[in-house]
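What follows is each chain in one-letter form.
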Amino acid sequence: MSIRIYNTLSRRKEPLLPLEEGHVKLYVCGITSYDYCHIGHARSALVFDMAVRYLRHRGFKVTFVRNFTDIDDKIINRAKEQGVDAASLALRFINEFYIDMDALGTLRPDIEPKATEHIGEMIALIEELIARGMAYPSDGDVYYRVERFAGYGQLSGRSLADMQAGARVEVSDKKEHPMDFVLWKGAKPGEPRWSSPWGEGRPGWHIECSAMSRKYLGETFDIHGGGKDLVFPHHENEIAQSCGASGKPFANLWMHHGFVTIKDEKMSKSLGNFLTIRDVLKQYDPEVLRLFIFSTQYRNPLDFSEVALQDARSGLRRMYECLAQLGTLPVDGPAGASGISDKDRTGLESLANRFHEAMDNDFNTAQAISQLFDTVKIVNKILRSLPEQPVVSDLQLLRSTGASFHALAGVLGLLRQDPVAMVACQKQEVLAGIDLSEEAISQLIVKRNQARVAKDWAASDEVRDVLLGHGIVLKDSPEGTTWEVRK
């Protein structure tokens, strides 16, 4: 087994080689708690939920740490707008975050530190940086000397000169260099504050993750994760702080997921083009959102659209229907020669290997899901030609395939509901919106297919048009004819 992960720092895929054999230590940057979470946050949460599930599936112990930024300019400004204190606003949206995450079915991290509960650790780290000459106090603030850290810019692939030329840098007489960044902010009137050797104030954004990851995972750990928008400046500055204090490597692998876009534009609160998680879950099952997100490899952009979500819903329905059919097969059957071809048997028996091969290649969920759908096609083809009394060896293969399929989909957080009950519920929901029974639809499809076999295209089109008049769209494939309600 060799799991390879694309390392943003080296810009290549590298084998996962935990510092402690069999134990992966993972730190992920969490939300700034000042508003409801949007689909971009859902992608981040689900990507690392998937990674943790898969690593544990492959036998690793995983210590998963994800922080909350509960003190920040955005939190302070939003609290002022709403006439509440910053701490209560931050706590409110942490609780709202949990509601969203529970709805999505994500695993809780092992440790979820809050920034405000680790001020002492941040102050201690800043003092170390000052002692090493990597930071300096200036009129109540403390800044990091970027010119003292030789590796600054390696993660983002930028030189200090390019950063200075292209960045919108806050002009301040307090700084020795325009790109120096703040570690501690002197208190302003009406803002939350804590005591420090440099006067009352609050921590800068970047120092919190360096302090908390060091406390819970050590000076060097295995994987640091987050969105691509965090590469610079947040993660670049984390490296400078942590390595500047310890003189050791920080994270061995840097794992960044792509943006969620709407019409190729990044989804963000600042642009006002975002949908909250709960907005989407009003219309779609959480597993539909999971399937939609995992149908694209995590590093690639993910364009959000209703069409893509509807496709994911149809795909999820096919998976559940396949499992439901397998669940109704008899337990035993007569002995005899198999009716399953060698090619199809190999396809079913190799599912786990193909799934693992895809996931071992930088958590390629898109390829892994493709293997699941290939299996659905094979199973459906076998079920259509299965005799009334299937032989015992074929039943055993189909049932073991169903168990493996269910377990592997579960690694992605899919198919968590009872397949038979889920299919029945889906059919009731669909049929509630039309004035035809399921039996009537099936009879019309049989009539159309008979007309197609007889090459009576007029009769075939007539049936299709009748169904369209009820809002039902037919889809023909090698596995047969399926139907769904037109949106």
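Here, the structure is the one placed above.
Residues numbered from 1 in each chain as written. Predicted model: local features only at pLDDT ≥ 70, side-chain atom pairs only at ≥ 80, totals over all residues. Heavy atoms only, no water.

Visitor: Sorry, what's going on with helix H17 (residues 457-469) here?
Guide: With 13 residues, H17 extends 18 Å from end C-alpha to end C-alpha; this agrees with the ideal 18 Å at 1.5 Å per step. Those residues of H17 lying buried are Ser460, Val463 and Leu467. Take H17 and look down its axis: the buried residues cluster within an arc of 65°, on one side only. Exposed positions of H17 whose direction lies more than 90 degrees from the buried face are Ala458, Glu462 and Gly469. Positive backbone phi, approximately 80°, marks Gly471, located one or two places after H17. (Helix = DSSP H or I, 4+ residues; strand = E, 2+ residues; numbered from the N terminus. Expected span 1.5 Å × (residues − 1). Buried < 20%, exposed > 50% of the residue type's maximum accessible area, 1.4 Å probe, protein only. Arc of directions from axis to C-beta.)

Visitor: Is there a simple way to explain the side chain of Lys175 in this structure?
Guide: Assignment of secondary structure puts Lys175 in the loop between helix H5 (160-166) and strand E7 (181-186). Reaching out from Lys175, the side chain makes a polar contact with the backbone oxygen of Pro178 at a distance of 3.4 Å. Of the polar contacts made by the side chain of Lys175, one reaches the backbone oxygen of Asp180; its length is 3.1 Å. (Polar contact = N/O pair within 3.5 Å; in protein donor to acceptor, adjacent residues only side chain to side chain.)

Visitor: For this particular structure, what's the right way to read the sheet that holds E7?
Guide: Across a sheet, strands are paired by hydrogen bonds formed along the backbone, either parallel or antiparallel in direction. Strand order in the open sheet made by the 4 strands is E5-E6-E7-E8, with antiparallel pairing throughout. Of all the strands in the sheet, the pair left with one neighbour each is strand E5 (135-138) and strand E8 (201-203). Pairwise comparison of adjacent strand axes, ignoring direction, gives a mean angle of 20° for this sheet. Pairing analysis gives 3 bridges linking strand E6 (residues 141-144) to E7, with the strands arranged antiparallel. By the bridge assignment for E7, Val142 is matched with Trp184. (Pairing = 2+ DSSP bridges. Axes fitted to C-alpha atoms, helices over the stretch in contact; angles between N-to-C directions.)

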